[in-house]
Amino acid sequence: MKKNTWKKLMSLALGAMMMLSLLTGCGSKTEDSAPADSTPAEETPAEPAAAASLLEKVKTSGKLVVGTEAQYAPYEFKDLNANFAGCDMWLAQQIADHLGVELEVVDMSFDGIIPAVKSGQVDLGIAAFTKTPERAEEIDFSDLYEKSAQLLIVKAGNADLYSTKESLAGQKVGAQKGTIQSQLIQTALPDSELFELEKYPALALEVQNGNIAGLVVDQAVGESLIATSNGGLEVSNFAFTSEEAAFGKAVVAAKGSEDLLAEVNTVINQVVNDGSYLKAYDEAVELAASMGL
């Protein structure tokens, strides 16, 4: 091979190697790659949106959803036009008006109201709820708006027969399922047998038919049951002590609903102090009596 030819080949080989080196270097970095010594900018994580309070939710939706059990006159029932009535429903309307929203009432079983409040299915529970430490572990209470004595309702003629704890020992005593009256029977009448049904009218029939000795109920409801029993029921001469049955009615809301309960308490304090709740109570008693409830 000639010397000049050899030099040409060597020159071409060196040129090819240099070109390959340049291409390899260019391929080690893409257009959007950051320089080796640069630090990528850190993105600030977005702050999670704060959950709306129950009061904000009510005002945004434009309605207050209240759970009740509409077979407990005079507190909550339905009138002849199937509209919700009773002093508790009157109170619910006052709260809705105060908030400037519409009132929506959901009728359900009494023992389903607290779960509905806790799950957010309803905003408030208004159904003659008695304030107790046990319930306070699950839900929050408003201020008290009414206090009621507890009566033992018995079959007509049995007022003296069932007038002591001893006379009720071994006897069935009724209460609505899930109520404070059920607890009262278990604590104040431990030797009696608790008998529960969903509705008080059904319990009243059990008493009238002689299947149970009596039933325990709020005074106003008991008096209403007696008035519509055609002489079949009366109040027993038995009486609970104030320590056993010092109950007060309150509105219930889910834990953490302080803002809404503050507004509820504003309404309660106003209607209790000005006497308008008591007036609504008396009117509900009259309406329920006129309907035979």
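Refer to the structure printed above.
These numbers were taken from a predicted model, which means no experiment stands behind them.

Conventions and cut-offs
Residues numbered from 1 in each chain as written. Predicted model: local features only at pLDDT ≥ 70, side-chain atom pairs only at ≥ 80, totals over all residues. Heavy atoms only, no water. Pairing = 2+ DSSP bridges. Helix = DSSP H or I, 4+ residues; strand = E, 2+ residues; numbered from the N terminus. Axes fitted to C-alpha atoms, helices over the stretch in contact; angles between N-to-C directions. Contact = heavy atoms within 4.5 Å. Core = buried A, V, L, I, M, F, W, Y, C linked by side-chain atoms within 4.5 Å. Buried < 20%, exposed > 50% of the residue type's maximum accessible area, 1.4 Å probe, protein only. Phe/Tyr/Trp six-rings, centres within 6.5 Å; stacked < 30°, edge-to-face > 60°. Polar contact = N/O pair within 3.5 Å; in protein donor to acceptor, adjacent residues only side chain to side chain.

Visitor: How would you summarise the sheet that holds strand 9 (residues 172-176) if you had to cite specific residues and measurements?
Guide: With mixed pairing, the five strands of this open sheet are ordered in space as 10-9-11-8-12. The open sheet is flanked by strand 10 (193-197) and strand 12 (233-235), the only strands paired with a single partner. On average, adjacent strands in this sheet sit at an angle of 35° to one another, irrespective of strand direction. Two strands pair when backbone bridges link them, and strand 8 (residues 150-155) and strand 12 are joined in this way by three bridges, in the antiparallel orientation. Bridge pairing in strand 12 places Ile153 opposite Val235. Set on the sheet, helix 8 (residues 200-208) makes contact with strand 8, strand 9, strand 10, strand 11 (214-218) and strand 12; between it and strand 11 the angle comes to about 145°. Contacts between helix 9 (residues 219-227) and the sheet are confined to strand 8, strand 11 and strand 12, with strand 11 contributing the most and set at about 130° to the helix.

Visitor: So what's going on with the nonpolar core? Which residues, and what values?
Guide: Leu64, Tyr75, Leu91, Ile95, Leu124 and Leu215 are the most contacted members of the largest nonpolar core, which has 64 residues in total. Discounting chain neighbours no more than four positions away, the residues touching Leu215 are Leu151, Leu152, Ile153, Gly174, Tyr200, Leu203, Ala204, Val207 and Leu225. Counting residues in hydrophobic clusters, the runner-up holds 15 residues, among them Ala127, Ile139, Phe141 and Ala250.

Visitor: I'd love a proper account of the packing of aromatic side chains, names of residues and values included.
Guide: With the rule as written, the count across this model stands at seven aromatic pairs. An angle of 65° between the planes, with centres 6.1 Å apart, marks the rings of Tyr75 and Tyr281 as edge-to-face. Here the residue Tyr75 occupies a position in the loop between strand 1 (63-68) and strand 2 (77-78), and Tyr281 occupies one in helix 11 (residues 276-290), the gap between them amounting to 206 residues. Residue classification places Tyr281 among the buried residues on the basis of a relative accessible area of 16%. Both rings, one in Phe238 and one in Phe240, keep their centres 4.9 Å apart while their planes meet at 90°; by these two values the pair is edge-to-face. Residue Phe238 is classed as buried on the basis of its relative accessible area of 9%. Given a relative accessible area of 13%, Phe240 falls into the buried group.

Visitor: Could you give an account of the side chain of Thr179, with specific residues and numbers?
Guide: Note that Thr179 resides in the loop between strand 9 and helix 7 (180-188). Given the relative accessible area of 5%, Thr179 is considered buried. Here the side chain of Thr179 touches Gln181 through a polar contact of 3.2 Å, side chain to side chain. Apart from the residues within four sequence positions on either side, Thr179 is in contact with Phe110, Arg135 and Tyr200.

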